[in-house]
Amino acid sequence: MSFLKVGAVLGVAASLVTGWHFVQPRGGLGVGSSGSSATPVTYYVSPAGRNTATGTSPATAWRTLARASKAALLPGTRLLLRGGHQYSGQLRLGAADGGNPRKPVLISTYGTGRATISSSSSAIVVIDTGGITIRGLTIVGQHAMSPANSGIQMYSDRTTGMFGHVFVDRVNISGFGYGIALGAAHDGAGFANVRITNSALHGNLDAGLISYGPDYNPKAPGYANHGIYVSHVRAFRNLGDPANTTRNTGSGIELGSVASATVVNSQAYQNGGKGGATREGPIGIWAYDSTRVLLAHDVSHDNTSASVHDGGGFGLDRETSDSVMEYNLSYHNHGAGFLLYSALNAPAPQRNNVVRFNLSYGDATGGHHVYGAMTAGGWVDNGTFYQNTIILARGNKQPVVKLTGILHHVRMFNNILVAASGPVVEVVPPLNKALAHPMTTADALLAGNDYRATAGPLFVQWGLKTEYFSIGAWRAATGEEKAAGKAVGLTLNPLFAGPLSGPRGAAGFVLRKGSPLIGAGLNLKLLFGITAGKVDFAGKPYSVTRPNIGAM
C-alpha cells in the first residue's frame, strides 16, 4: 500500500544539538549507576535573582535559565524555579548533569503556582544523560513552532549503554514542533525507564509526544529505547506541519524504536489535518518499529489527516511485533479506529499483534475506502482481532473491516461488525498485481462474528468484482465463518442498551437483557488456542466457554 508512516525524526535531534559542546560521559551513567557521592544541593531561580549569587537559597537565587544551565547538577540536586513567573530561554542538561536513576536530579518549582518556561527554541534539552525528573512546569513555545524545536527534547548520541530514569510529570506544553521528543542515534543506546504522566501536550506543530531511533533492521534487530510508560497524558490539537511533504505529521502520541512500552488512560483528540501533501498521515495513538507495546484503556477521537491516508484512532505500524491494543475507545476519526499495518516493501512484516475488547464508533469518515473501521493492511503476519465492537455511523459507505496486502494468519473472532451502507467486510488484493491472489482462510479467517447493516443490504466485497449478499453464500464460496467444521457467524440485532455515541463512552454499547449475542461467542481457547483477557471492556468477568460476542 502507499500509506507508509515513516515517523523517524533524527533530523530533529541533529538540528537541536548543533553547536552543543558534548562532554564525554562519566563512567556508569547508565541504569543503576551510583553517580557522585557529593551532598546534593538545591538551586533556585527567580526573576528577582542575580546570576552572580550562589543560587542555593531563595534569597540568593539565580535569575536566568542560562545561568542554571552552566551549573553541574549532580545526582540528587534540585533546580527549582519560583512559581507564578515566566522564564525565557533554554535549560540545558548534558553529560555532567544527573546520571543516577536512584538519586535523580529534579527540575521543578517552588513557592506559589507553576513556573513557565517560554522559549524560541527547545525549552528543556537533555543530552546524553539520565537520572532526570521534570515536574510541575508550563512550557510555552515563543515563535518556536518548528520541527527543530521541542518543549522537552531528550537525545542520546552514544553508541552503547542506556540512560535510566527519565520522568516527566504534570507538565503543560504547547507551541513547539513537538511537545516531548525522546530519541537516540543508535539502537540500545537511548533511554530506559521513561515515565511521562499527568500531562497535556497541545497546540504543537508536528506531534504531542514522540520517541524515535534508527529504522528497524531485521538482520540486526534492535531498539533505541526500552521501557516507556505513558499514563494520563492528553495530546490534542497537534495539527501537523503544512511544509512537511515527506512523512506523516500531526499525531498525538507516536512511539518509535522502543522495546516494551505502555500507553494507558490517555487521550488523543483533534490532532492532524494540516500536514502537507504526502502519501501517509498521522494517527491519534500509535507505534512503529517497536515490540511489546501495550495501548490500553485509552481514548482517541476526532483525529484527521490532510491526505486520504491515516488520521485514525489507534495503530500498530511497520515492523511492530508482540503488541496489544485493548480496552480502548475510538470514535469520529478520519481513518481506521484500529489498524495493523506494515508497508509491502518494508524489510519485514509486523507480526504477532492482538486487537481485543475495543470499541469503535463512527470511525473511517475519510470516505476514500483506504481503510475500514478495523483494518489489517500491507504486510501483516499473525494478527488477531477478537471481542471488538465496531460500528459505522449512518451515511458512511466505508467497510467495517478492510483486509488488503500480504496477509498471513490474520484472524477475526467474536466481533460485532455493524455497517451503514457499505460492505461489512471488504477484501482487495495488493496494489502490486504480481502479488495478487484470491484471499484464503490461511490468509484471513473470520469466525463467530455478528454482521449487521443499518442502511442498505448486508454484503461482503471479496476481491475487486465479487460481492456476496448473505453470510451463507460467502461461507460456501470461501470457507469463512466456519469453526470445527460447523457453520458459524450471525446476522442478529445485538440489542444495544444505547444510545450509541462515542462521546458518551461505553454505556450505550452494553448488550441489553435478552440480546441474542449474550453467551453466543465461540470458545476461543478450545477452538483456536487463544487465551483472552480476564475481563471485558466493561470490566465484567469474561466467560471462556460462553463469551458474549463483542467487547462486552
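One can find the structure itself at the top, above this paragraph.
We now turn to the structure provided with this report.

The rules we used
- Residues numbered from 1 in each chain as written.
- Predicted model: local features only at pLDDT ≥ 70, side-chain atom pairs only at ≥ 80, totals over all residues.
- Heavy atoms only, no water.
- Helix = DSSP H or I, 4+ residues; strand = E, 2+ residues; numbered from the N terminus.
- Rg over C-alpha atoms; globule rule 2.2 N^0.38 Å.
- Buried < 20%, exposed > 50% of the residue type's maximum accessible area, 1.4 Å probe, protein only.
- Lys, Arg positive; Asp, Glu negative; His and termini not counted.
- Charge placed at Lys NZ, Arg CZ, Asp CG, Glu CD.
- Contact = heavy atoms within 4.5 Å.
- Pairing = 2+ DSSP bridges.
- Phe/Tyr/Trp six-rings, centres within 6.5 Å; stacked < 30°, edge-to-face > 60°.
- Lys NZ or Arg CZ within 6 Å of the ring centre and 35° of its normal.

**A short note on the overall build of the chain**
- When its secondary structure is counted, the chain shows 4 helices and 41 strands.
- Here the C-alpha radius of gyration of the chain, 25 Å, is about what a compact globule of 552 residues would show, namely 24 Å.
- In terms of overall dimensions, the chain has a C-alpha envelope of 85 × 50 × 40 Å along the principal axes.
- Each of the 552 residues in the chain was classed as buried or not, and the buried ones make up 61%.
- Put simply, the chain has 43 plus and 27 minus side-chain charges, and the middle of one group is 8 Å from the middle of the other.

**Some points on the side chain of S211**
- Here S211 is to be found in strand 15 (residues 207–212).
- The residues contacting S211, other than those within four sequence positions of it, are L182, N225, I228, E254, L255, G256, V258 and Y288.

**A short note on the pairing of strand 8 (residues 132–135)**
- As paired strands, strand 5 (residues 105–110) and strand 8 are joined by 3 bridges and run parallel to one another. From the neighbouring strand, I107 faces strand 8, where its bridge partner is I134.
- Pairing of strand 8 with strand 11 (residues 163–169), which is carried by 4 bridges, proceeds in the parallel orientation. For I134, the partnering residue across the bridge sits in strand 11 and is V168.

**Re the packing of aromatic side chains**
- Summed over all chains, the structure comprises 16 aromatic pairs.
- Their ring planes at 10° and their centres at 5.4 Å tell us that Y327 and F357 sit as a pair that is stacked. Here Y327 is found in the loop between strand 24 (324–326) and strand 25 (329–331), whereas its partner F357 is found in the loop between strand 27 (350–356) and strand 28 (359–361), with 30 residues between them in sequence. Comparing Y327 with F357 shows no difference in burial state: the two are buried.
- Between F357 and Y386 the ring centres are 6.2 Å apart and the planes differ by 80°, which places this aromatic pair in the edge-to-face class. Taken together, the residues span a long stretch of sequence, with F357 in the loop between strand 27 and strand 28 and Y386 in strand 29 (residues 374–386) at a distance of 29 residues. Note on accessibility: F357 and Y386 belong to one class, buried.
- The structure contains a cluster of three or more aromatic residues connected by ring pairs, namely Y327, F357, Y386 and Y542.
- Sitting above the plane of the F167 ring, R195 keeps its charged end 5.8 Å from the centroid.

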